[in-house]
Structures are given as C-alpha cells and as structure tokens.
Amino acid sequence: MVDRAQDSIQRFSGIPAAIAVFLAAVLLSVAMLPYLEHLFVDEVRERNEAALRLAVEGLTGTLSRFEAFPALIAERPALADLLEHPDDDALRVRVSAQFSDDTEALGASDVYLMDRTGLTIAASSYLKDRSFVGRSFDYRPYFTDAVEGGLGRFFALGTTSQERGYYYAAPV
C-alpha cells in the first residue's frame, strides 16, 4: 500500500510541472501575438502596395496612350471649318463620320467637337440614339481647361452614356 501511495505522489508531483509548462507556453503565445500580428500586417501591406503599383503603372500606360490624340485630332482643318460654319450639315456629317472612324482606330469610346459655349456640334455617336450632338458639356472641367488653351483631363460618369470614363479635351 505504501508503494501505491508513493506512485500516486510521484504522478501528482508531475502535474504542477506540466501545468507550469502549459501556462508558460500560453503566456509566451499571448506575448508574441502583437509581434506576429505586426509581421502579418506588414507582409499584407507590402503585397498590396506592390499590386497597387502595378495597377497604377498599367492605368498610367493606358491613359498616356490616348493623351496625344485630342491635340492631333484638333489640328484637322475641317474642325476649324465646322466651328466657323456650324450650320453646314454636310461638313458636320463628314466630321462626325471621321470621328466615328477615329473611335474604331483608337479604341476610344467617343470623339466629339464642342464650340466655345460647350455645345457638341459633331460626334462619333451622331448615328446613335444617345448622340452627343446638340448636348452641352460646358460644366465639365475638361472643357473649361481646353477653352483656356490647355489639355483637359477628367474622370467621370458620362451624363449621356452613363459609363465611367477618362475624358480628354484639346483646343481647336
């Protein structure tokens, strides 16, 4: 019986040591949690920043591809002619048809010409139900920038197309 009692005492004496080891492991884990969380957050932030840099570079490349076109298109003599003779329907159709060809060649959604008041007098959409011809965009920042002699740029929801887009404008 004495042997059994001694065995029980020896088994019981190992339990506090096991509890102490377990508690030490729990405390160490809790103490390490902020450090591990910080490591994880930093790793996620670095990955997201790299993805954002790639997205910005891609978007910048795509947008810069279109940046020169408004100024090049604005150099066409037919545009100045139409601005001088806005009632010339044959010229309006010819310019609009050229704009329609431009949208296909450039991969742009729309190309249009506005007079100094912001009224659209020719557009690639001239044959569509939602044509820009006859609509005023004088409130758009890209228009006011172009009227002031600069290259206008603006990201917005199209009021006619209802599509988000990046708009460019150049003075004629």
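Our subject is the structure listed above.
Just so we're clear, the structure is a prediction, and the values are computed from it rather than from any experiment.

Draft legend 1. Broad picture of the nonpolar core. Counting 14 residues, the largest nonpolar core has Ile73, Leu79, Leu82, Val95, Phe99, Leu113 and Ala122 as its most contacted members. At the level of secondary structure, the elements contributing two or more residues to this core comprise helix H3 (77-84), helix H4 (89-106) and strand E2 (120-123). Per element, the largest residue contribution to this core is four residues, and it comes from H4. The contacts of leucine 82, once residues within four sequence positions are left out, are Asp88, Leu91, Arg92, Val95, Leu113, Ile121 and Ala122.

Draft legend 2. Up close: the packing of aromatic side chains. Enumeration over the complete set of coordinates arrives at seven aromatic pairs. Consider the rings of phenylalanine 66 and phenylalanine 69, whose centres lie 6.4 Å apart with planes at 70°: the pair is edge-to-face. Phenylalanine 66 sits in the buried class, given a relative accessible area of 18%. Each residue in the set Tyr112, Phe132, Phe137 and Tyr139 is aromatic and connected to the rest through ring pairs, giving one cluster. A cation over a ring is seen here: arginine 140 above tyrosine 167, with NZ or CZ 5.7 Å from the ring centre.

Draft legend 3. Representation of H3 in the model. When H3 is considered as a whole, its buried residues turn out to be Ala78, Leu79 and Leu82. For H3, the arc enclosing every buried residue in end-on projection is 100°, short of the 170-degree limit, so these residues lie on one face. Relative to its buried face, H3 has exposed residues pointing more than 90 degrees away, namely Pro77 and Glu84. Buried-residue contacts for H3 involve helix H2 (69-74), H4, strand E1 (112-114) and E2.

Draft legend 4. Structural view of the side chain of serine 125. As for its placement among the helices and strands, serine 125 is situated in the loop between E2 and helix H5 (141-147). Polar side-chain contacts of serine 125 include one of 3.0 Å to the backbone nitrogen of phenylalanine 132. Sequence-distant contacts of serine 125, defined by excluding residues within four places in its chain, comprise Asp110, Arg130, Ser131 and Phe132.

Draft legend 5. Layout of the pattern of salt bridges. Throughout the structure, instances matching the rule amount to five salt bridges. Two residues, aspartate 102 and arginine 76, come together in a salt bridge whose shortest N-O distance is 2.7 Å. One end of the pair, aspartate 102, is in helix H4; the other, arginine 76, is in the loop between H2 and H3, and 26 residues separate them in sequence. Given the relative accessible area of 11%, aspartate 102 is considered buried.

Draft legend 6. Structural detail: a negative patch on the surface. A contiguous patch of negative charge, built from Asp81, Glu84, Asp87 and Asp88, is present on the exposed surface. For aspartate 88, a relative accessible area of 33% corresponds to the partly exposed category.

Draft legend 7. Structural detail: the packing of H3 against H4. Contact geometry for H3 and H4: axes closest at 10 Å, N-to-C directions at 140°. In this view, H3 runs oblique relative to H4, as classed from their interaxial angle. Judged by the twist between their axes, the crossing of H3 over H4 is left-handed. Across the interface between the two elements, Ala78, Leu79, Asp81 and Leu82 of H3 pack against Leu91, Arg92, Arg94, Val95 and Phe99 of H4. Among the residues forming the contact of H3 with H4, the class breakdown is six nonpolar, no polar and three charged.

Draft legend 8. Seen up close, a nonpolar patch on the surface. A cluster of nonpolar side chains, Ile15, Ile19, Phe22, Leu23, Val26 and Val30, forms an exposed patch at the surface whose accessible area comes to about 560 Å². For isoleucine 19, the location among the structural elements is in helix H1 (residues 2-67). Note on isoleucine 19: relative accessible area 45%, which makes it partly exposed.

The rules behind each value
Residues numbered from 1 in each chain as written. Predicted model: local features only at pLDDT ≥ 70, side-chain atom pairs only at ≥ 80, totals over all residues. Heavy atoms only, no water. Core = buried A, V, L, I, M, F, W, Y, C linked by side-chain atoms within 4.5 Å. Buried < 20%, exposed > 50% of the residue type's maximum accessible area, 1.4 Å probe, protein only. Helix = DSSP H or I, 4+ residues; strand = E, 2+ residues; numbered from the N terminus. Contact = heavy atoms within 4.5 Å. Phe/Tyr/Trp six-rings, centres within 6.5 Å; stacked < 30°, edge-to-face > 60°. Lys NZ or Arg CZ within 6 Å of the ring centre and 35° of its normal. Arc of directions from axis to C-beta. Polar contact = N/O pair within 3.5 Å; in protein donor to acceptor, adjacent residues only side chain to side chain. Salt bridge = Lys/Arg side-chain N within 4 Å of Asp/Glu carboxyl O. Patch = residues over 30% accessible without salt bridge, like charges linked within 9 Å, V, L, I, M, F, W, Y side chains within 5 Å. Areas by Shrake-Rupley, 256 points an atom, 1.4 Å probe, with all protein chains shown as cover. Lys, Arg positive; Asp, Glu negative; His and termini not counted. Charge placed at Lys NZ, Arg CZ, Asp CG, Glu CD. Axes fitted to C-alpha atoms, helices over the stretch in contact; angles between N-to-C directions. Parallel < 35°, antiparallel > 145°, perpendicular 65-115°, else oblique. Left-handed = near helix turned anticlockwise from the far one by under 90°. Nonpolar A, V, L, I, M, F, W, Y, C, P; charged D, E, K, R; others polar.

None of the figures reported here should be taken as evidence of function without further support.
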